[in-house]
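Coordinates in review
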Amino acid sequence: MLKLPIYLDNNATTPMDPRVLEAMMPYFTEIFGNAASRNHPFGWKAEEAVDYAREQVAALINADEKEIIFTSGATESNNLAIKGVFEMYAAKGQHIITVETEHKAVLDACKHIEKLGAKVTYLKTNEQGLITVKQVEDALQPNTILVSIMYANNEIGVIQPMKEIGALCHSKGVLFHTDATQAVGKIMVDVIADNIDLLSFTGHKMYGPKGVGALYVRRKNPRVKVTAQMDGGGHERGMRSGTLNVPGIVGFGKACELCKNEMQVDTERIIKMRDRLEKELLVLEESYINGSKEHRLPHVSNMSFKYVEGEGLIMGVKNIAVSSGSACTSASLEPSYVLKALGLDDELAHSSLRFGLSRFTTDEEVEYAINHVKEAVIKLRDMSPLWEMFKEGIDLKSIQWAEH
Amino acid sequence: MAYSEKVIDHYNNPRNIGTLDKNKKEVGTGLVGAPECGDVMRLQIEVDEVTGIIKDAKFKTFGCGSAIASSSLATEWLKGKSVDDALKIDNMDIVEELALPPVKIHCSVLAEDAIKSAINDYRVKNGLAPIEDDKKHY
């Protein structure tokens, strides 16, 4: 039985897996100790649970458990990585390289350190949303201390050439950080194979709880350190103070274990559904997939339906929870900066929907989404003056628009 | 963000979608907004030459639900009005009627601009001077 509304916004957050909740439950009331309490069994039990979760989390990315620093989520991890590296290594150099399609948590952390004297290079992507290792190489300077490049993009799901960039950074002695929030748990991420020195990720994008994430900080070849961004009790090897969120960490650990075990089966199923969704929606005239199809996460699809405005479209598919790159509600009226970075026309950027599938998405839900999106696009095109002009063969670029 | 019931009603049952013959002398067409801003409205009026009353109004809009509702409401209000009375429609009347939140006020502004632009098109076609807009929106 189909239950409405349908959730297809799994890049924003995922529902928690019931098995994760089950694992967490005892840690709220029965095993409630502070993992830093060394003097009694309440603390020991909590610490034991955290240690176990740390192993589960580390195993998913092929790290050692001592390299996992628990945080409140990927935003904090990104801040800690970028600001923490800058503070720790500023004497060595002040130059950082990143990409213009990064998440705001990275871009704004970079803006912050720019005010403190850092020089930041923002690489431009191609129309697929990808950068090349050559671009990174060309941007490297003798004083470059960090390259920060997201593993997979949150809006379009494209996967950057991590292995090649990691190898380059490693050979040049430059630290390599990645915001892997969207990738971990969905595809194989291996910090050793990819030569990653710092990696941000979070629980709630992979069927775990919100409010818990981690920063992987490499301990050897090279040994990396970041300056703490919060003062306190010196938890997490002095890099992140604050009483550990034991139930959250236990849930995060369980979520990582489930992803490790089930990723392959989940992916095969999800990719079939995603491909079907795209195939059937591409039947609509003037519909497009945004970003690289070849280098892409299995569960994301970002599509534009030209001549239909995204927010209006979302209103037309009210029983399907998706997000749009349009920004009609924002004061600036600017569409998604990620889609614009791909060189998309504004009207295409305003016409986009992002579908994010999950472990819990069903074929029935995908079918419902296909039918209703199609219906809404057709209805809205019937009332779109731009569609009418397109049908009459009028070039929209030839019109003098009154911009407001 | 939640839409008001009236916005939802206009979105689900838009009034007066369509196209009038823009070449006809008694038809005035206003096309306002821009694709890159995410809103384009085309509003058309057909004026009875004898009475000066707007006997038909049609719209097509590319935009969010509030933009669609604002233009749909505008066509409803225009029908039956004299051209002079139509000029008195203020964007704040639309905001009030549709209970638009502050971030959607620009949708009502666009609808008012579309009305004025359609009327001016009609006036120019019929040998009258365009009305100067005392409200500068851009």
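Residues numbered from 1 in each chain as written. Chains lettered and ligands numbered in written order. Predicted model: local features only at pLDDT ≥ 70, side-chain atom pairs only at ≥ 80, totals over all residues. Heavy atoms only, no water.

**As for the nonpolar core**
Put simply, the rule reads: Definition used in this section: a nonpolar core is a set of buried Ala, Val, Leu, Ile, Met, Phe, Trp, Tyr and Cys residues joined via side-chain atoms within 4.5 Å. Exposure categories follow from relative accessible area, calculated using a 1.4 Å probe and restricted to protein chains: below 20% of the type maximum is buried, above 50% is exposed, and the middle band is partly exposed. Counting from the N terminus, the helices are DSSP H or I runs at least four residues long and the strands are E runs at least two residues long. Whether two residues touch is decided by their heavy atoms; if any such pair falls within 4.5 Å, the residues are in contact.
Counting residues in each nonpolar core, the largest one holds 117 residues, and the members touching the most others are Ile61, Val147, Leu199 and Phe355 of chain A together with Ile45 of chain B. Element by element, the count of residues in this core is highest for helix H8 (residues 246–281) of chain A, at eleven residues. Discounting residues that sit within four places of it in the chain, isoleucine 45 of chain B has contacts with Leu20, Glu26, Val27, Gly28, Ile54, Asp56, Ala57, Leu78, Ala118, Ile119 and Tyr122 of chain B. Within the second largest apolar cluster, 23 residues are counted, among which are Tyr89, Ile96, Val106 and Leu215 of chain A.

**A closer look at the sheet that holds strand S2 (residues 39–47) of chain B**
Residue and element names in this part refer to chain B. Just so we agree on the cut-off: Here a strand pair is declared whenever DSSP counts at least two bridges between the two strands. Only the stretch in contact is used when fitting a helix axis, every axis being a line fitted to C-alpha atoms; angles between N-to-C directions are given from 0 to 180 degrees.
Ordered in space as S1-S2-S3, the three strands form an open sheet in which the pairing is antiparallel. Of all the strands in the sheet, the pair left with one neighbour each is strand S1 (27–34) and strand S3 (54–62). Ignoring strand direction, the axes of neighbouring strands in this sheet form an average angle of 10 degrees. Pairing geometry for S1 and S2, over eight bridges, is antiparallel. Within S2, the position partnered with glycine 30 by the bridge is leucine 43. Where helix H2 (residues 65–78) meets the sheet, its contacts fall on S2 and S3, and the angle it forms with S3 comes to roughly 175 degrees. Together, S1 and S2 form the strand contacts of helix H5 (residues 105–125), whose direction differs from that of S1 by roughly 145 degrees.

**As for the side chain of lysine 306 of chain A**
All names here are of chain A. Note the threshold: Positive charges come from Lys and Arg, negative ones from Asp and Glu, while His and the chain ends are left out of the count. Basic side-chain nitrogens of Lys or Arg form a salt bridge, by our definition, when they fall within 4 Å of a carboxyl oxygen of Asp or Glu.
Within the secondary structure layout, lysine 306 lies in the loop between strand S10 (300–305) and helix H9 (310–316). Comment: no salt bridge for buried lysine 306; closest opposite-charge side chain is glutamate 286, at 4.2 Å. Sequence-distant contacts of lysine 306, that is, excluding residues within four places in its chain, are made with Glu286, Tyr288, Glu347, Leu348, Ser351 and Arg381.

**Details of the pattern of salt bridges**
Once their charged atoms are close, side chains differing in charge can pair, the charge on each being opposite to the other. Residue and element names in this part refer to chain A. If you walk through the whole model with that rule in mind, you get 31 salt bridges over all chains. We note a salt bridge from aspartate 345 to lysine 397, for which the minimum N-O separation is 3.1 Å. Of this pair, aspartate 345 sits in the loop between helix H10 (337–341) and helix H11 (346–349) while lysine 397 sits in the segment after helix H13 (385–391); the two residues are 52 residues apart in sequence, bridging distant segments of the chain. A relative accessible area of 28% places aspartate 345 in the partly exposed class.

**Considering the packing of aromatic side chains**
Residues and elements named next belong to chain A. Short version of the rule: Note on aromatic contacts: the rings of Phe and Tyr and the six-membered ring of Trp form a pair at centre separations within 6.5 Å, being stacked when their planes are under 30 degrees apart, edge-to-face when over 60 apart, and tilted otherwise. Charges are assigned to positions over rings by a cutoff of 6 Å between ring centre and Lys NZ or Arg CZ, combined with an angular limit of 35 degrees from the ring normal.
Summed over all chains, the structure comprises seven aromatic pairs over all chains. Aromatic side chains phenylalanine 70 and phenylalanine 252 sit 6.3 Å apart centroid to centroid with 70 degrees between the ring planes, which places their arrangement in the edge-to-face category. Placement of the pair is phenylalanine 70 in strand S2 (residues 68–71) and phenylalanine 252 in helix H8, with a sequence separation of 182 residues. Classification of phenylalanine 252 as buried rests on a relative accessible area of 0%. Taking 5.9 Å as the distance between ring centres and 55 degrees as the angle between the ring planes, the aromatic pair formed by tyrosine 307 and tryptophan 387 counts as tilted. Taken as a pair, tyrosine 307 in the loop between S10 and H9 and tryptophan 387 in helix H13 lie far apart in primary sequence, 80 residues in all. Take tyrosine 307 and tryptophan 387: they sit in the same class, and that class is buried. Through successive ring pairs, a cluster of aromatic residues spans Phe70, Phe201 and Phe252. The aromatic ring of tyrosine 337 is capped on one face by lysine 104, whose charged end is 4.5 Å from the ring centroid.

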